[in-house]
Amino acid sequence: MSEHIVPTKIYMGIFVALLLLTALTTGIAYVDLGAWNTVAALAIAVVKMLLVVLFFMHVKYSSGLTKVFILAGVLFFAILVTLTLADELTRHWSPTPSGWGALLPFSTPFY
Amino acid sequence: MSTATLDVHEVPTGSRVNYLNAQYGVKSWLLTTDHKRIALLYLASITLMFFVGGFFAVLMRLHLIEPQGALVQPETYNKLFTMHGVIMVFFFLVPSIPATLGNFLVPMMIGARDLAFPRLNLLSWYIYIIGAIFTLYAVISGGVDTGWTFYTPYSSSFSHTSVIPTALGVFITGFSSILTGLNFVVTIHKMRAPGLTWFRLPLFIWAIYATSIIFILGTPVIAITLFLLGLERLLHIGIFDPAIGGDPILFQHLFWFYSHPAVYIMILPGMGVMSELITCFSRKRIFGYGFVAFSSLAIAFISFLVWGHHMFVTGQSIYAGLIFSVLSFMVAIPSAVKVFNWTATLYKGSISYDAPMLYALGFIGLFTMGGLTGLFLASLATDVHLNGTYFIVAHFHYIMVGGAVMAYLGGIHFWWPKITGRLYPDGWARFAALVIFVGFNLTFFPQFMLGYLGMPRRYAVYPAEFQVLNVMSSAGASILGIGYLIPLLYLTWSMRYGPTAGPNPWGAKGLEWQTPSPPPTENFEEIPVVTEEAYDYAHTTVTRG
Amino acid sequence: MEQQREAGSLGMWVFLLTELMFFGGLFASYIIYRALYLPSFEIGSHLLEVKFGALNTAVLIGSSLTMALAIRSAQVGRRGAQVGFLIATMILGAAFLFFKFTFEWHHDYIEHLVPGFGFVIRPEWGAAGAHVPMFFCFYFFMTGLHALHMIIGLGILTVLTVMAHRGRFNPPYYSPLEVSGLYWHFVDIVWIFLFPLLYLIGGRYIGGGH
């Protein structure tokens, strides 16, 4: 992490931005966007996270190694979510056999 | 005198101050921040846990001599295999090489005086001990019978055994792993000696680095999983509870997300030791350094993508099963790369058959068998037949015991002179290695056959037609047990009565061999400057001394 | 010293990665059950008070600001400001916990919305009612784990405030502040995600959810 001293003005600016984004995400929840409500809420949360990470946590002024570490962590979290969802959401795609007889005509091709 | 070597022949051995005699007294050990002393604290602790876990294994094999069980009630048998698994996995295999050889060697191999965070290192050990105490308490207070995998809903709702103390013990010890991994990663990034670029590092360091990545990213997930399990057991409601829509299989996903990479935690450091042993005892550079280095990273990464292969028959979606099956085949590739490269290193090498090399050669064969049988299990169709049988038990014991434990013993023997300043009796060491090899195969090869023939695992009784193979396996286990006791005896003996060792009894390359045996507390008088590549056996004649 | 500072910072980032995966297991489970039981999660979410969630979000963001300013004060060598900002951070953190425990958790307990402690499934929830306790399991586990991290953070801040008061931190040496700041900001980020994921499911518009 560098010795870079961030000016107070920038910190205040980020603070105000974070408050505005909080108000935005709260306000959007009262508007009907269907499935996009969730997308909007997550997008705003990601922006807020980036502001905190880059400025309050000084990652904008940090070495590349720090950034690589953070990305690696996010990647592995994504792996956990994705592959587990791959099971949980596709459980009911294949029929549940009922009894041994159901297995006999197992000639259904797999495509 | 160059800065990279220390002319130790001028120093009278035995009268020199080293890390072992620099300070005396219990407090100097229990409050040490010297990575070498901490490594020995771990060595003592995990050796104890190994024999506790081994004791449960002995009881199991005695019980299985007869089809209806020879020793204990089925409920007790369930506790035996659970405690054997919990202790061996979490309290022996996971910390084994990293906490002992890793702690001792990482700073020395990179030319540093200690790890990045020495006090955190000591804290790691204390956390391990506290976790071990909780688990041993669970053993004494009646044991656990859920299997080391703690599957819900049995563990969360139905078992009447000491689940929470055991889970708490494992949870706490997990933090020991996390802190150790954190320490290694920062140390390797930030504290390498001048001239020691990444591609001049010993491959042991690459292996420890890859292992540390798994420590850091995987262990927290089992921590939260066991935490959730404990909460559900306490509150009688939770996220795995079908009554409120919970999915017990979710527990398995979360559990195996760590526990599969965990098995690579157990083998990767062993592979690192292998690279050191094979090169030294063939007196050759490693074949394909880059490939071996990157294969460690590849194993660490891909290991996080395959956990569902433990769940092919639990009700997991077939589509997820397909994905996990393909990925599981892929994870075998970097391991195979390593085996090819070690073998190529042996080719036209000048081979010597000291005890560490015997362990290394045994590793190549036994790990390969374990790895190949893993492919049977990665394939969905064959796994349906083999899952839940002794085939799986044999598969993972070939890798964990035939692989990891043998690499651990090989490493302990290899670096023993450096750690203790003593030589162990060579004849006994080679004899013990052979006894272990024979005992191991006699114990576990019959189990492949038993599994293929359909004998289920975790059963206290079995059909009479399986008795012959079971008796063979139990006979092998008794030989194996004796085989493990022999090094315990002569290594302990050597600490007091063994001949003193010079700085480099094997004539090996590596910064750790350029210090006296045992090393001084600060490791190096001057921090070395590295100018040559790793394993440069061809270009300099290093004699045994 | 520079290398030590970098090592300390890198070490804290590595620790935060472990925290990411620790919370990650909970978040991953939450994502799965939300996907499976969206109507139940909407019902549960609507029973939370957005105003407290939003207020607490603002409070935590403020505490991150004061923490950053505390570190900055050490970087420019102003001891009084350090202590002042650290105390402000602690006050805001304590306020967060106060609002959460008294206005939210206590209220939920009285309303029989705490699983394992007299949870009552209300008939007006209909068929989705059976899985509403699952939402509240996540609500209490996630905010509880987060609160535990805040309490630990307050402990760390107390120690730091005492050290700052004694003048331990100045331009060449302030890495404990910096490293603790990273931890505090991480806890803030967890809440930044918890707020929309717990309080704003399914929207709050008239006619609610989908």
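### Remarks on the overall build of chain B
And step 1. Helix and strand counts for chain B stand at 16 helices and 0 strands.
And step 2. The C-alpha atoms of chain B give a radius of gyration of 23 Å, which matches the 24 Å a tight globule of 545 residues would have.
And step 3. With the principal axes as the frame, chain B shows a C-alpha extent of 75 × 45 × 45 Å.
And step 4. In chain B, 85% of the contacts between residues at least 6 apart in sequence involve partners at least 24 apart.

### With respect to the interface of chain A and chain C
And step 1. Contacts between chain A and chain C engage 38 residues on the former and 40 residues on the latter.
And step 2. Among the elements of the structure, helix H1 (8-28), helix H2 (36-56) and helix H3 (64-88) of chain A are those that each provide at least two residues to the side of chain A that touches chain C.
And step 3. When the residues that make up the side of chain A that touches chain C are grouped by side-chain class, the tally is 26 nonpolar, 9 polar and 3 charged.

### Some remarks on the interface of chain B and chain C
And step 1. Taken together, the 26 residues of chain B in the interface contact 25 residues of chain C.
And step 2. Sorting the residues of the side of chain B that touches chain C by element identifies helix H7 (163-190), helix H8 (203-235) and helix H9 (248-282) of chain B as the ones contributing at least two each.
And step 3. The dominant element in the side of chain B that touches chain C, judged by the number of residues it contributes, is H8(B), at 9 residues.
And step 4. Classifying every residue of the side of chain B that touches chain C by side-chain character gives 19 nonpolar, 6 polar and 1 charged.

### A word on the packing of H3(A) against helix H1 (residues 2-36) of chain C
When two helices pack together, their arrangement is captured by the angle between the axes and the distance separating the axes.
And step 1. Where H3(A) contacts H1(C), the two axes come as close as 9 Å, and the packing angle between them is 20°. As far as their axial angle goes, H1(C) and H3(A) are roughly parallel. The two elements H3(A) and H1(C) cross, and the hand of that crossing is right-handed. In this structure, H3(A) contributes Leu65(A), Thr66(A), Phe69(A), Gly73(A), Phe76(A), Phe77(A), Leu80(A), Val81(A), Thr84(A), Leu85(A) and Glu88(A) to the contact, and H1(C) contributes Leu10(C), Trp13(C), Val14(C), Leu17(C), Leu20(C), Met21(C), Gly24(C), Ala28(C), Ile31(C), Ile32(C), Ala35(C) and Leu36(C).
And step 2. The class makeup of the residues in the contact of H3(A) with H1(C) is 18 nonpolar, 4 polar and 1 charged.

How each quantity is defined
- Residues numbered from 1 in each chain as written.
- Chains lettered and ligands numbered in written order.
- Predicted model: local features only at pLDDT ≥ 70, side-chain atom pairs only at ≥ 80, totals over all residues.
- Helix = DSSP H or I, 4+ residues; strand = E, 2+ residues; numbered from the N terminus.
- Rg over C-alpha atoms; globule rule 2.2 N^0.38 Å.
- Contact = placed C-beta atoms within 7 Å.
- Nonpolar A, V, L, I, M, F, W, Y, C, P; charged D, E, K, R; others polar.
- Axes fitted to C-alpha atoms, helices over the stretch in contact; angles between N-to-C directions.
- Parallel < 35°, antiparallel > 145°, perpendicular 65-115°, else oblique.
- Left-handed = near helix turned anticlockwise from the far one by under 90°.

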